[in-house]
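# An overview of the molecular structure
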Amino acid sequence: MTALFVVSASARLDAGGTTWRLRSLIAMGHDSSRIARAMNVRPKAIQKLVRGDTTTVSPEFRDLACQLWNAWWDKRPPETTRSQRRAASAARRRAERNSWPAAAGLDEDELDEPGYRPFCGYRPAAGTSIAPDFRPARSRGKAREIA
């Protein structure tokens, strides 16, 4: 007898790839609050995810995180005000302390495999330009579901 498995649209996904994507944005200087604002979620949710306390995410949240990552992976945050410079500096220090690589240090072919760990650690990255405000493409559902 053959069993048929159907994955529903509400199935949770392993958070590993999403976690590494967001950590790589932190390595570029984007702090958890800036990422949270861009994704329209609570900063606490992003903080739990990058700490590794969240093990699964909704498909919608993963899609939104991928959109943000695609927009910002090679871009620095704005650092025109003192508070922006402070936040970016703190984000980079956190990435360095935790050995989180920028996006160039991630293997995109393996990134979404459960248990993936980057080969390299933190290295300073200058980026190509300043990240624009993020406007996500329309999604299938609510991306707010993270935990």
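Just above sits the structure.
These remarks concern the structure in this document.

Calculation criteria
Residues numbered from 1 in each chain as written. Predicted model: local features only at pLDDT ≥ 70, side-chain atom pairs only at ≥ 80, totals over all residues. Heavy atoms only, no water. 1 Å grid on protein atoms, 1.4 Å probe; cavity = no way out; pocket = protein on both sides within 12 Å on 5 of 7 lines; lining within 4 Å. Points joined across faces, edges and corners; volume = space filled by probe spheres on them. Helix = DSSP H or I, 4+ residues; strand = E, 2+ residues; numbered from the N terminus. Expected span 1.5 Å × (residues − 1). Contact = heavy atoms within 4.5 Å. Core = buried A, V, L, I, M, F, W, Y, C linked by side-chain atoms within 4.5 Å. Buried < 20%, exposed > 50% of the residue type's maximum accessible area, 1.4 Å probe, protein only. Axes fitted to C-alpha atoms, helices over the stretch in contact; angles between N-to-C directions. Parallel < 35°, antiparallel > 145°, perpendicular 65-115°, else oblique. Left-handed = near helix turned anticlockwise from the far one by under 90°. Nonpolar A, V, L, I, M, F, W, Y, C, P; charged D, E, K, R; others polar. Phe/Tyr/Trp six-rings, centres within 6.5 Å; stacked < 30°, edge-to-face > 60°.

### What to know about the layout of surface pockets
Of the voids in this model, the largest pocket is the one considered here, and its volume is about 160 Å³. Taken together, Asp14, Ala15, Gly16, Thr19, Trp20, Arg23, Gly52, Thr54, Thr55, Tyr116 and Arg117 make up the full set of residues lining the largest pocket. For the lining of the largest pocket, the leading source of residues is helix H1 (residues 16–27), giving 4 residues.

### A few points about helix H4 (residues 59–72)
A rise of 1.5 Å per residue sets the reference length of H4, with its 14 residues, at 20 Å; its end C-alpha atoms lie 20 Å apart and thus fit the reference within 8%. Against strand S1 (13–14), H1, helix H2 (32–39), helix H3 (43–51), strand S2 (56–57) and strand S3 (75–76) lie the buried residues of H4.

### Here's the deal with the nonpolar core
Membership of the largest hydrophobic core comes to 33 residues, with the highest contact counts inside it found for Leu22, Ile35, Met39, Ile46, Phe61 and Leu68. The element contributing the most residues to this core is H4, with 6 residues. Sequence-distant contacts of leucine 68, defined by excluding residues within four places in its chain, comprise Leu25, Ile35, Ala38, Met39 and Phe134.

### Observations concerning the packing of H1 against H2
Running from amino to carboxyl end, H1 crosses H2 at an angle of 125°, the nearest separation of the two axes being 10 Å. In this view, H1 runs oblique relative to H2, as classed from their interaxial angle. Where H1 crosses over H2, the handedness of that crossing is right-handed. Contacts between H1 and H2 involve Leu22, Leu25 and Ile26 from the former and Ser32, Ile35 and Met39 from the latter. Of the residues in the contact of H1 with H2, the class split is 5 nonpolar, 1 polar and no charged.

### Some words on unusual backbone geometry
You will see that asparagine 40, though not glycine, has its phi angle at about 60°, which is positive. The exposure class of asparagine 40 is partly exposed, given its relative accessible area of 48%.

### Overview of the packing of H2 against H3
Viewed as axis vectors pointing N to C, H2 and H3 meet at an angle of 120°, and their least axial separation amounts to 8 Å. Between H2 and H3, the angle is such that the two are oblique. For H2 against H3, the interelement crossing comes out right-handed. Where H2 abuts H3, its residues Ser32, Ser33, Ile35, Ala36 and Met39 lie against Pro43, Ile46, Gln47 and Val50. The residue inventory of the contact of H2 with H3, partitioned by class, reads 6 nonpolar, 3 polar and no charged.

### Re the packing of aromatic side chains
A complete count under the given rule lists 1 aromatic pair for this structure. Centre to centre, the rings of tryptophan 72 and phenylalanine 134 are 6.5 Å apart; their planes meet at 70°, and the pair counts as edge-to-face. Remark: phenylalanine 134 occurs in the segment after strand S4 (129–130) and tryptophan 72 occurs in helix H4; sequence separation between them is 62 residues. A relative accessible area of 1% places tryptophan 72 in the buried class.

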